[in-house]
Amino acid sequence: MVSTIYTFVQLASTRLQRFKEIAELLETDVLKFKKLYEIRWLSLGRCLVTIIRNYEPLVVFLSQEAADGDPVAQGLYEQLTSYKYCGLLHLLADVVLVTNHLSKIFQFRDVCFNAVRSALNDAKDTLEGFRNIAWTHLAESLRQYELNGAYKNSVIVMNGRNCGLQQQQRQFENLRNQLITDLINNLNRRFPQVDIIDAMKKSLSTGEQQSDTMGCE
């Protein structure tokens, strides 16, 4: 969905102009849609935040394009205005805040192993908390929906054939829990009990000691 929005709006000059005109009518400041680079972990966060910031004019724009018979616009509109996909969009924006922070720590030139250990544990604890606690983006979307059944003036519908509110909520919660489980399991596989960090620390310490003794024989 993220890449499709970028291609459909940002890379088509006529559609981009119509989108900007709608944003101007709504008196809404918009951000340039970002391209998602699969090999650049940090790009996903910027893409998601841009979609959330542009949500209101984007949904209005897509509804008009869909009314003119565009199937891509119809598909995107249905996704963005469904309880499940709207929730996942905002949940991912919160999750990426955590994973991107962890990624940046690993990119430090002078990495501190104690900081890495602490950051890993904090990240897993925070992600675990996402099962029951809605963070910044998700909390705001749920707050608006519970208030009036809409998000940024766009009605959130129960898309899905014969699928009511409770079933959509269950689907979202199942996907939410599965996503958190997969992320934590992935971190545990990469850093089993963070023993690898201790091993790296010992390895570097041994290497430094050997370097210090070279030439002393």
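Everything below is about the structure shown above.
Fair warning: this is a prediction, and the values are worked out from it, not measured in the lab. (Residues numbered from 1 in each chain as written. Predicted model: local features only at pLDDT ≥ 70, side-chain atom pairs only at ≥ 80, totals over all residues. Heavy atoms only, no water.)

Participant: How should the packing of aromatic side chains be read in this particular structure?
Facilitator: What characterises a pair of aromatic rings is the spacing of the ring centres plus the angle enclosed by the ring planes. One pass over the structure, following the stated rule, counts 7 aromatic pairs. Look at phenylalanine 19 and phenylalanine 33: their rings are 5.3 Å apart centre to centre, the planes differ by 50°, and that puts the pair in the tilted class. Of this pair, phenylalanine 19 sits in helix H2 (residues 13-25) while phenylalanine 33 sits in the loop between H2 and helix H3 (43-53), and the two are 14 residues apart along the sequence. With relative accessibility at 1%, the residue phenylalanine 19 sits in the buried group. Taking the relative accessible area as the measure of exposure, phenylalanine 33 reaches 2% and is therefore buried. Plain terms: the ring middles of phenylalanine 130 and tryptophan 135 are 5.2 Å apart, the flat faces sit at 50° to each other, and that makes the pair tilted. When its relative accessible area of 3% is taken as the criterion, phenylalanine 130 is described as buried. One aromatic cluster in this structure is built from Phe8, Phe19, Phe33 and Phe61. Seen from the ring of phenylalanine 8, arginine 15 lies directly overhead, with NZ or CZ sitting 4.0 Å from the centre. (Phe/Tyr/Trp six-rings, centres within 6.5 Å; stacked < 30°, edge-to-face > 60°. Helix = DSSP H or I, 4+ residues; strand = E, 2+ residues; numbered from the N terminus. Buried < 20%, exposed > 50% of the residue type's maximum accessible area, 1.4 Å probe, protein only. Lys NZ or Arg CZ within 6 Å of the ring centre and 35° of its normal.)

Participant: Before we go on, may I ask you to explain the nonpolar core in this structure?
Facilitator: In a soluble, globular protein the nonpolar side chains are often hidden away together inside. Formed by 49 residues in total, the largest nonpolar core has its most connected members in Leu58 and Leu80. Of all the elements, helix H6 (residues 83-106) adds the most residues to this core, at 11 residues. Setting aside residues no more than four positions away along its own chain, leucine 58 makes contact with Ile5, Val9, Phe19, Phe33, Ile51 and Leu80. (Core = buried A, V, L, I, M, F, W, Y, C linked by side-chain atoms within 4.5 Å. Contact = heavy atoms within 4.5 Å.)

Participant: I keep staring at the environment of arginine 176 and nothing clicks. Help me out?
Facilitator: Considering the arrangement of structural elements, one finds arginine 176 in helix H9 (residues 165-190). Classification of arginine 176 as buried rests on a relative accessible area of 4%. Considered as a pair, arginine 176 and asparagine 132 are 44 residues apart in the sequence and their alpha carbons are 9.5 Å apart. What arginine 176 contacts, discounting residues up to four positions off in sequence, is Leu91, Phe130, Arg131, Asn132, Ile133, Ala134 and Leu138. Side chain to side chain, arginine 176 and glutamate 173 meet in a polar contact 3.2 Å long. (Polar contact = N/O pair within 3.5 Å; in protein donor to acceptor, adjacent residues only side chain to side chain.)

Participant: Mind showing me how you'd approach the pattern of salt bridges here?
Facilitator: Pairing is possible between side chains that carry opposite charge, provided their charged atoms lie close to one another. As enumerated under the stated definition, the model contains 4 salt bridges in all. The partner of glutamate 140 in a salt bridge is arginine 143, and the shortest N-O contact between them spans 2.8 Å. Of this pair, glutamate 140 and arginine 143 both sit in helix H8 (residues 136-148), 3 residues apart, roughly one helical turn. Note on glutamate 140: relative accessible area 30%, which makes it partly exposed. Looking at arginine 143, the relative accessible area reads 44%, which means it is partly exposed. (Salt bridge = Lys/Arg side-chain N within 4 Å of Asp/Glu carboxyl O.)

Participant: Explain helix H4 (residues 55-67) to me, please; I cannot follow it from the model alone.
Facilitator: For an α-helix the count is 3.6 residues per turn, leaving residues at separations of three or four pointing the same way. Its 13 residues place the ends of H4 18 Å apart at the C-alpha level, agreeing with the 18 Å of an ideal helix rising 1.5 Å per residue. Residues of H4 that are buried: Tyr55, Glu56, Pro57, Leu58, Val59, Phe61, Leu62, Glu65 and Ala66. Immediately beyond the C-terminal end of H4, within one or two residues, lies glycine 69, with a positive phi of roughly 100°. (Expected span 1.5 Å × (residues − 1).)

Participant: Which parts of the structure should I look at to understand the side chain of aspartate 94?
Facilitator: With respect to the secondary-structure elements, aspartate 94 resides in helix H6. With no salt bridge to any partner, buried aspartate 94 finds its closest opposite charge in arginine 176, at an N-O distance of 7.7 Å. Side-chain polar atoms of aspartate 94 contact the backbone nitrogen of histidine 137, separated by 2.9 Å. Excluding anything up to four places from it in sequence, aspartate 94 contacts Phe130, Trp135, Thr136, His137 and Leu138. (Lys, Arg positive; Asp, Glu negative; His and termini not counted.)

Participant: In this structure, what is going on with the packing of H6 against H8? I would like to understand it.
Facilitator: Geometry of a packed helix pair, given as the angle between the helix axes and the separation of the axes. Closest axis-to-axis distance for the H6/H8 pair is 6 Å, and the angle between their directions is 150°. Relative to H8, the element H6 is oriented roughly antiparallel. Residues Tyr83, Gly87, His90, Leu91, Ala93, Asp94 and Leu97 of H6 touch H8, and the partners they reach there are Thr136, His137, Leu138, Ser141, Leu142 and Tyr145. Looking at side-chain class alone, the contact of H6 with H8 contains 7 nonpolar, 5 polar and 1 charged residues. (Axes fitted to C-alpha atoms, helices over the stretch in contact; angles between N-to-C directions. Parallel < 35°, antiparallel > 145°, perpendicular 65-115°, else oblique. Nonpolar A, V, L, I, M, F, W, Y, C, P; charged D, E, K, R; others polar.)

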